[in-house]
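# Chains, contacts and geometry: an overview
Below are the chains, spelled out letter by letter.
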Amino acid sequence: MPRRVRVRTGDSWTPHLARARRRLAGGRPRDAAREYRQACRLADGGHADPAVRSALRQWLGLALQKAGRGQEALRALTQACELLGDDPGAAEQYARTLDTLGLVQRDLGQLAAAEESHRQALDLLRRAGAREGAVRAAVNLAVAVKDQGRLTEARGLLADIEPAARDCDDPALLGHTLLTLGLVHELLNEPAPAERLARQAAEAYRAAGDREGEAAATHNVGRVLDTRGRHAEAMECFATSLTINLEIGAELGVSDDLGAMASLFQLAGQDEEARRLHERALDIQRRAGYRRAVVATLCDLGLLARDQDDLPLARHHLLEALREAETLADPHTVYETRVLLAEISMLEEDYPQARVAYLAAAEAMGDARRALLDEADAVTYFTESRLDAPGMLVRLSLHLRDRAGALEWADAARGQELVRRLAWTALPAPPGAPETVLAEEAETRRLLRAQEADLRVGGSADAALLTDYRQTLSRLHRLEDRLAELAPEYVSMRRGERLGWNAVTALLTSAPSPDGPEGSDAMARLVLAEYHVTDHETFVFGVTADAPEPEVVTVDVTRAELRELAEAAGDTLARDRAGLGAHLADERLVRLLAPVARWAEPGDVVYLVPHDSLHLLPLQAVPVEGVPLIERNPVAFVPSASVLRHCQAKRKARRASALIVAAPPAEHPLAFAREQALAVSEALGGQEVPAAADASRESLLARFAEPGRAPDIVHFATHGVFDREDPMRSGIELAGGRLTAADILGLRLDVDLVTLAACETGVSQSRPGDELIGLTRALLYAGAPSALVALWRVDELSTSMLFGQFYAALRAGSPKAEALRQAQLWLRGRTIADVLDYARGARPRLADDPRALAAVRLEEARLLLAAGDYTVAAGLFRDLVACPDLDEEQRQGAEVGMLQATLVMGTGMRTGTGTGSGTGMSAGSGAGAAPDFGVLAFADPYHWAPFALIGDWL
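In this report, the structure presented in the accompanying data block is examined. (Residues numbered from 1 in each chain as written. Predicted model: local features only at pLDDT ≥ 70, side-chain atom pairs only at ≥ 80, totals over all residues. Heavy atoms only, no water.)

With that settled, the discussion passes to the overall build of the protein. For the protein, the count of helices and strands is 42 helices and 21 strands. Structurally, the protein occupies a C-alpha span of about 115 × 65 × 60 Å along its principal axes. Burial analysis of the protein (954 residues in total) assigns 58% to the buried set. A total accessible area of about 37400 Å² is found for the protein, and carbon and sulfur atoms account for 50% of it. In the protein, 108 side chains carry a positive charge and 138 a negative one; their mean positions are 5 Å apart. (Helix = DSSP H or I, 4+ residues; strand = E, 2+ residues; numbered from the N terminus. Buried < 20%, exposed > 50% of the residue type's maximum accessible area, 1.4 Å probe, protein only. Areas by Shrake-Rupley, 256 points an atom, 1.4 Å probe, with all protein chains shown as cover. Lys, Arg positive; Asp, Glu negative; His and termini not counted. Charge placed at Lys NZ, Arg CZ, Asp CG, Glu CD.)

As structure tokens, this is what we get:
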């Protein structure tokens, strides 16, 4: 606010000042501006003190701003600053004037200048000890930063200043802080906190008697309600805000309210009323020079013309909006405007021009993404509606018969933030690049990460830090340019660039055959099948190293159908251990996998790149030519071809050491954890199995933090937890606490393989843009080229048997994908007799662990029951019911088993409690029939298909 001008009756300008204040309070800012202007002329002519003349011009600027005369306000405030000059005694007044100048600059779209004005004001006010003024300047700075798309920095500034705002005695200042913080949440698509903060801001402004602030906060409540589909309530908020703004003469507020109400009228089909209100709002905004508001209104008018099939008028409005948007330096606004222009070209059936427009939009989206320093902010900001461009480029490229371009954009449409963050992880040094340049690049990246961390927590208020950050970023770009000639692939990864066709096929160059003996010249052929799911169909892209272009198959299966399939399979897995195979045999999934059989010969290694809900399904178990895909081909999964490039770059040539962790927390023991660890250790030649104290969360974090101590293979045999509320809290339970995805994110895993033999470790939360948030993402970030993870809650016994075989094959020289294939097929073919032999063989290894031994005996009893050996099963169950080494859940299982066996012996009806069936009764061979130990124990994919290899297949 301007300094308070002392009114003296002898000053000629005094009556005008008094009248101006009355006019302003009465909602007549134009009349107030005339009085302030006359006061300025008289004060100048009377040679009043420069500080007084400056304060009058600051009041004049505020009145002009409220009256919608932005350019005049800018001139008045610039003069106000000049009048104070270098007077050290007026430093605080100069700072407050600068802060007001920044508000007008922002409204006029001069965002960089506004940011600089607010930052200078903040620095001066802090030095002057003006606490409340500094808080106000910091919030205004956050608004300017937000408007440039730098939402992470804005949120950091506001979080840093909010406690001080709450401690101030000025409720209007608190309202300003809460209002701005709510806007940031709104832009990040977090409507609940956005609405809560806007309502709190309105209350704070109301308590302060600040009607203009109250109107702004009420308007923002309406905007959030509108996005949440509560249109009637939103209209009430806009009407309330409009009433207040009309009463106080706040022209810009009036234009905002008119535009918001027009959009709701348009939604209700009242197009003429919508047009009238939009044009009225646009007239105010143009007269005031408020370019940001002009862009939004022109886009609304363009949409209105489009909906009325007046495409030339729509294009006219949108082109004008784009010209204004490009001057604002806000990539988000540019992106959204370009997407609307592309839609007009699509409606005009000018597909080449539409493709050009979508390409430009995609580039703007990249700029918008780079402005978001925090990964969570980027993932939250980019909703499906803000990711139209890549998906549309897939369709347009196919329509224009550019299959390679379609694949490029299908790959770019998924996990863009994951690829961008992987660019910052450790990469092998490229051959031929100067070590000095690489060392300087590494140090520059380290410094840049530290500066970004400071910016995320309010550092944008520090002009020197922001300057240093920009200089460091420029230095990094220069270093990358120097490396680009010598190591183009390395620099491309560092920059997170999209993969072109040649780069994709290069990922599939021949590799040693999984079937060839060690040292042979036999080579494996690699095939990549990438899926792109839409609301109308699914595109399947097939790629081989020698193909001139990708194969493309369109399958008539929609996004909704696949989500329904995945949900049904999940429901089955949650209920029992049988029935998954029936879901995977659904003809729609079979049709999606059928092209793979045409592109890949038996024995070829298949990379599957799922999309959308396909990530939740074990596609390797879907029938292809009558057998599960895994039976004819080794399979690995990758989030995208771009991610595969990073996994291959981190491939290790060693598998000499392993760390096997089997230390679940004491309150949640796993009976087979130790058995699994011993079996894996034996398969790997006697590798390390640390004691519980050495396998706690803290111990492992400390070990992995030490350079050179990472083993080649890390295997976890413990509980897994997927946290659906906060996927980065998903993790594996260890003695001493959960090792979370967030923990792993901070590690550097210089390993060849991480295996998480635990429940749901491969489940991720899918965000728009196919961003998968969970443990797998964290492992890839940390540097693991490959991860073995589970898609659902796994069975302990079958998991132990599977990994014993997997590691034996791996140690014998098989690549990871082939070792997993062999282990899964081997497990699928095990009979009850085989599993009983395995369980009995485990007893000696567990002789000193009564709880584990009792759990093994319980599994033996269940197997005997499934085979039809009811007498022996009933006796074993009876012994186990009285066993003190079982927990309550296990004891209840033993009681149920005993009752089932007894019932069969008494009635002749056979139970359906096999290892692959349900728990009801079924007609069949009863108590009198001979036991059948040749029944397949793990025939359903529930047992043999939960684990997926993510990343490098080799």
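The terminal C-alpha atoms of helix α39 (residues 850-867) lie 26 Å apart, and with 18 residues this matches the ideal 26 Å at 1.5 Å per residue to within 8%. Of all the 18 residues making up α39, 13 are buried; the element is thus mostly covered by neighbouring parts of the structure. A positive phi of about 95° marks G868, the residue just after α39. (Expected span 1.5 Å × (residues − 1).)

Core analysis: the biggest nonpolar cluster contains 264 residues, and L592, L608, F716, F806 and Y807 have the highest contact counts within it. Top element by residues in this core is α39. It accounts for ten residues. Contacts of F716, omitting those with residues within four sequence positions, involve V661, Q676, L700, I732, L734, L739, V754, T755, L756 and A757. Listed in part, the 19 residues of the second largest apolar core include L242, M261, F265 and L304. (Core = buried A, V, L, I, M, F, W, Y, C linked by side-chain atoms within 4.5 Å. Contact = heavy atoms within 4.5 Å.)

One non-glycine residue with positive phi stands out, namely N189, at about 60°. Note on placement: N189 falls in the loop between α9 (171-187) and α10 (191-208). Note on N189: relative accessible area 29%, which makes it partly exposed. The phi torsion at E760 lies on the positive side, around 60°, for a residue other than glycine. Within the fold, E760 resides in the loop between β15 (753-756) and β16 (765-767). You can call E760 buried: its relative accessible area is 17%.

Turning our eyes to something else, we now look at the pattern of salt bridges. Following the criterion strictly, the structure yields 82 salt bridges and no others. As a salt-bridge pair, E72 and R69 come within 3.0 Å of each other at their nearest N and O atoms. A relative accessible area of 24% means that E72 is categorised as partly exposed. Measuring nitrogen to oxygen at the nearest pair gives 2.9 Å for the salt bridge that ties R287 to D283. Within this pair, R287 and its partner D283 are both found in helix α14 (residues 271-288), separated by four residues, close to a single helical turn. D283 sits in the partly exposed class, given a relative accessible area of 45%. It is possible to trace a salt-bridge network through shared partners that takes in E441, R445, E480, D481, R494 and R495. (Salt bridge = Lys/Arg side-chain N within 4 Å of Asp/Glu carboxyl O.)

The N-to-C vectors of helix α40 (residues 870-881) and helix α41 (residues 888-907) enclose an angle of 150°; their axes lie 8 Å apart at closest approach. Here α41 runs roughly antiparallel to α40, going by the angle between their axes. In this structure, the crossing between α40 and α41 has a hand that is left-handed. Between α40 and α41, the residues in contact are Y870, T871, A874, F877, R878, L880 and V881 and R891, G893, A894, E895, G897, M898, A901, T902, V904 and M905, respectively. The class makeup of the residues in the contact of α40 with α41 is ten nonpolar, four polar and three charged. (Axes fitted to C-alpha atoms, helices over the stretch in contact; angles between N-to-C directions. Parallel < 35°, antiparallel > 145°, perpendicular 65-115°, else oblique. Left-handed = near helix turned anticlockwise from the far one by under 90°. Nonpolar A, V, L, I, M, F, W, Y, C, P; charged D, E, K, R; others polar.)

Take the pairing of strand β21 (residues 947-951) next. β21 sits mainly inside the fold: five of its five residues count as buried. Sheet analysis places strand β18 (residues 786-790) next to β21, joined by five bridges and oriented antiparallel. Across the sheet, L788 pairs through a bridge with L949, a residue of β21. (Pairing = 2+ DSSP bridges.)

All right, on to the packing of aromatic side chains then. The full count for this structure, using the stated rule, is six aromatic pairs. On the numbers, 6.1 Å between centres and 90° between planes, the contact of F803 with F806 is edge-to-face. With a gap of three residues between them, F803 and F806 both fall in helix α36 (residues 796-811), about one helical turn apart. Taking relative accessible area as the criterion, F806 reaches 0% and is therefore assigned buried. Considering the side-chain rings of F803 and F947, the 4.8 Å spacing of their centres and the 75° angle between planes classify their relative orientation as edge-to-face. With a gap of 144 residues between them, F803 in helix α36 and F947 in strand β21 connect regions that are remote in the sequence. Accessibility assignment for this pair places F803 and F947 in one class, buried. Taken together, the ring pairs connect F803, F806, Y807 and F947 into an aromatic cluster. (Phe/Tyr/Trp six-rings, centres within 6.5 Å; stacked < 30°, edge-to-face > 60°.)

A separate point is the environment of E190. Among the structural elements, E190 can be located in the loop between α9 and α10. For the pair E190 and T380, spaced 190 residues apart in the sequence, the C-alpha separation amounts to 7.9 Å. Excluding residues that lie within four positions of it along the chain, E190 makes contacts with R155, H185 and T380.

Our focus in this paragraph is the packing of helix α12 (residues 231-248) against helix α13 (residues 251-267). For the pair α12 and α13, interaxial distance at closest approach is 9 Å and the crossing angle is 155°. Accordingly, the angle class assigned to the pair α12 and α13 is roughly antiparallel. Between α12 and α13 lies a crossing whose hand is left-handed. When α12 is examined against α13, the residues H231, A234, M235, F238, A239, S241, L242, N245 and L246 are found in contact with a partner set consisting of G253, V254, D257, L258, A260, M261, L264, F265 and L267. Partitioning the contact of α12 with α13 into residue classes produces 13 nonpolar, four polar and one charged.

Function cannot be read off these values alone, since they describe shape.
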